[in-house]
Amino acid sequence: MYINGKVTKGNATEKIEVLNPATEEVLGAAWRGTPQDAEAAVLAAKAVFPAWRRTPANLRAGMMHQAAAKLREGHEELVRLLTLEEGKPIPENEEEVWWVEETLDYYAELGRHHRGAVLPPGDPAQFNFTLEQPWGVVACIIPWNYPLLLLVWKLAPALAAGNTVVIKPSEFTPLSTLKVIEMAFDHFPPGVVNVVTGTGLETGEPLVLHPDVRMVAFTGSLATGQRIASQTASSMKKLHLELGGKDPMVIGPDVEIRMAVRGLAYSALLNAGQVCTSTERVYVHESLYPQFAEELAEFVSGLKLGNGLDESTDVGPMLRDHFRAKVEGQVDEAVKAGARLVIGGERPVELEKGFFYRPTILADVNHSMRIMTEETFGPVIPLMPYKDIDEAIRLANDTPYGLGASLMSNDLKFVKRFFEEVEAGSIWINDPLTDNFAGPFGGMKMSGLGRELGEAGLLEFTQVKHVHWDMEAEIKEFWYPYGTAE
Ligand code: NAD
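Residues numbered from 1 in each chain as written. Predicted model: local features only at pLDDT ≥ 70, side-chain atom pairs only at ≥ 80, totals over all residues. Heavy atoms only, no water.

Visitor: Which parts of the structure should I look at to understand the site of the ligand?
Guide: In the vicinity of the ligand lie 29 residues, with K168, E171, S221, L243 and E375 positioned nearest. Residue R227 places a side-chain N or O atom 3.3 Å away from a nitrogen atom belonging to the ligand. L243 is positioned with one of its backbone polar atoms (N or O) 2.7 Å from a nitrogen atom of the ligand. Burial of the ligand by the protein chains amounts to 91% of its free accessible area of 850 Å². (Near = heavy atom within 4 Å. Polar contact = N/O pair within 3.5 Å; in protein donor to acceptor, adjacent residues only side chain to side chain. Areas by Shrake-Rupley, 256 points an atom, 1.4 Å probe, with all protein chains shown as cover.)

Printed below as a string of structure tokens:
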């Protein structure tokens, strides 16, 4: 772990093994932290907070740029470790590590440029302004699917805004997080950045419940997010929650099928479908439906499943067997209920080890099937035809989630109705899943609260204070007593 500037085992007495999902071999292990370790990290972060919040933004920015530079030096090592630990292919991890470096630079600059506002006063003697102040100790609780990117989308704005941080990585992917912090954050004052490894219940929950943690920034499943929300209701902690999704893609009647097939395959199979914004439901205009399904099947059949370290691999393994079993359950149930299995629906026999599942296309699904209503988080593409714009938008919105939504079309009327009427925090037209440093990212409905990235992503980590100052310091006529003049 990393507490108060030191690599430590804390009070831990045992380790949790980390597996390589492509080989099922043990890759390493991290200490199984205890509630006392969470406490020690919070106290270290609390102790340094008064000094860190007063550190000029320029100096904080300098330290963050330095962290980005150190990560660029260790880039290849990190990409390799992430591939071994999380499983997705090298190009996807190249991109993840690049995002980490760039996000640190982005928030370093945004943080030192950021300012409150002077407001129009209610009277010439008054001076009104706002201050954007840090919350204090922030717990950053991270999932396994993009362990570094989802970490830095919180860590960078939290530090830039003057907070101190305790990180709780997923028990499945602690090694790359520890590597990032040891490699690139050792020049920060001790206690500003801490990492506590271990299980959600033993180290995550003590952070959530700790009275000195003033904000919880969490990415993960809806169930854990709901638990955190109910556990913090009485303390009124600031919550930032990025939860699950069931993102739709609508294929318009005007598209070039070849382009739409490639875009869909990418957005549904990236990271073996284990992206919170993976396309998990596809609505194809009825005029294209049979041909689209055929061309999609032909393209996806040509993708290579394999170890992420192999340069020829397109799609890597799923993270663990139990996640694969959940996907298999949803696919089998859909087929029993009448869905047509176009390709896939099985484990690849040619790969003896690893948690692989063949990219799968289902046709003729409907919204009575779990594959169209529950998060799947695997390499499955379910297709359903629709007749017109009204039906496409109704189907896209028929979900409790609202993270992202994609449209493939250049029909102006369709595009405008889609971005106005679809309830999702990110709308992608003809370029699914492409994020932008300045573009706020987050969910509507059950997909979460708050936004990461952009200016909104910095403001999440601040609380706004309004200062009202009457410079003349005179008795006001509207003060007591009402009845008699003095
Ligand atoms: P998870 O909820 O099981 O775990 C996430 C983190 O929370 C882990 O570090 C875990 O140890 C910790 N945790 C578990 N129980 C806890 C508790 N009671 N108190 C505090 N911490 C606890 O999620 P996961 O399986 O790691 O991640 C997959 C999920 O994350 C999917 O549902 C996916 O959609 C979602 N996700 C969302 C986004 C987004 O931006 N909206 C991004 C990526 C993943």
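Visitor: Even after reading the chapter, I still don't get the pattern of salt bridges, so can you show me in this structure?
Guide: One pass over the structure, following the stated rule, counts 32 salt bridges. In this structure, K70 engages D186 in a salt bridge whose closest nitrogen and oxygen atoms are separated by 2.6 Å. Taken together, the residues K70 in helix 2 (residues 57-73) and D186 in the loop between helix 6 (174-184) and strand 9 (193-195) connect sequence positions 116 residues apart. K70 gets classed as partly exposed once you look at its relative accessible area, which sits at 21%. Look at D186 and you get partly exposed, because its relative accessible area is 46%. With a closest N to O distance of 3.3 Å, K168 and E171 form a salt bridge. Overlapping salt bridges, with partners in common, bring together R72, E101, E102 and D105 in one network. (Salt bridge = Lys/Arg side-chain N within 4 Å of Asp/Glu carboxyl O. Helix = DSSP H or I, 4+ residues; strand = E, 2+ residues; numbered from the N terminus. Buried < 20%, exposed > 50% of the residue type's maximum accessible area, 1.4 Å probe, protein only.)

Visitor: Can you walk me through the side chain of T279 in this structure?
Guide: With respect to the element layout, T279 can be found in strand 13 (residues 279-285). Here S267 takes part through its side chain, which lies 2.7 Å from a polar atom of the side chain of T279. In contact with T279, not counting residues within four places along its chain, are D247, P248, M249, L264, S267, A268 and V380. (Contact = heavy atoms within 4.5 Å.)

Visitor: Would you take a moment to explain the nonpolar core for this structure?
Guide: Side chains that are nonpolar tend, in soluble globular proteins, to be buried together. Counting residues in hydrophobic clusters, the biggest one holds 62 residues, and the most contacted among them are L159 and F185. Here the element with the most residues in this core is helix 5 (residues 149-160); it accounts for 10 residues. Lining this core are residues from two domains, each supplying at least three of them: domain 1 (2-243 + 447-468) and domain 2 (247-429). The contacts of F185, once residues within four sequence positions are left out, are Y2, A67, L104, L155, L159, V180 and V193. (Core = buried A, V, L, I, M, F, W, Y, C linked by side-chain atoms within 4.5 Å. Domains from an automatic or database assignment.)

Visitor: Can you help me understand the sheet that holds strand 14 (residues 340-343) in this one?
Guide: The mixed open sheet is built from seven strands, whose spatial order is 14-15-16-13-12-18-19. At either end of the open sheet lies a strand with only one pairing partner, and these are strand 14 and strand 19 (426-429). Neighbouring strand axes in the sheet, compared pairwise and without regard to direction, differ in orientation by 25° on average. Where strand 15 (residues 360-363) lies against strand 16 (residues 380-386), three bridges are found, and the strand directions are parallel. Bridge assignment links L362 to a residue of strand 16, and that residue is P382. Strands in contact with helix 10 (residues 289-301) are strand 12 (247-251), strand 13, strand 14, strand 15 and strand 16; relative to strand 16, the strand with the most contacts, it is inclined by about 165°. Helix 13 (residues 412-421) contacts strand 12, strand 16, strand 18 (404-408) and strand 19 of the sheet and is inclined by roughly 175° relative to strand 18. (Pairing = 2+ DSSP bridges. Axes fitted to C-alpha atoms, helices over the stretch in contact; angles between N-to-C directions.)

Visitor: Whenever I open this one, the sheet that holds strand 22 (residues 462-470) confuses me. Can you help?
Guide: The pairing of strands in a sheet comes from backbone hydrogen bonds and takes either a parallel or an antiparallel form. Spatially, 5-6-22 is the arrangement adopted by the three strands of the open sheet, whose pairing is antiparallel. Each having just a single partner strand, strand 5 (118-119) and strand 22 make up the two edges of the open sheet. Sheet topology places strand 6 (residues 126-134) next to strand 22; nine bridges connect them, and they run antiparallel. Among the inter-strand pairings, F127 is bridged to a residue of strand 22, identified as W469.

Any functional reading would require information beyond the geometric quantities listed.
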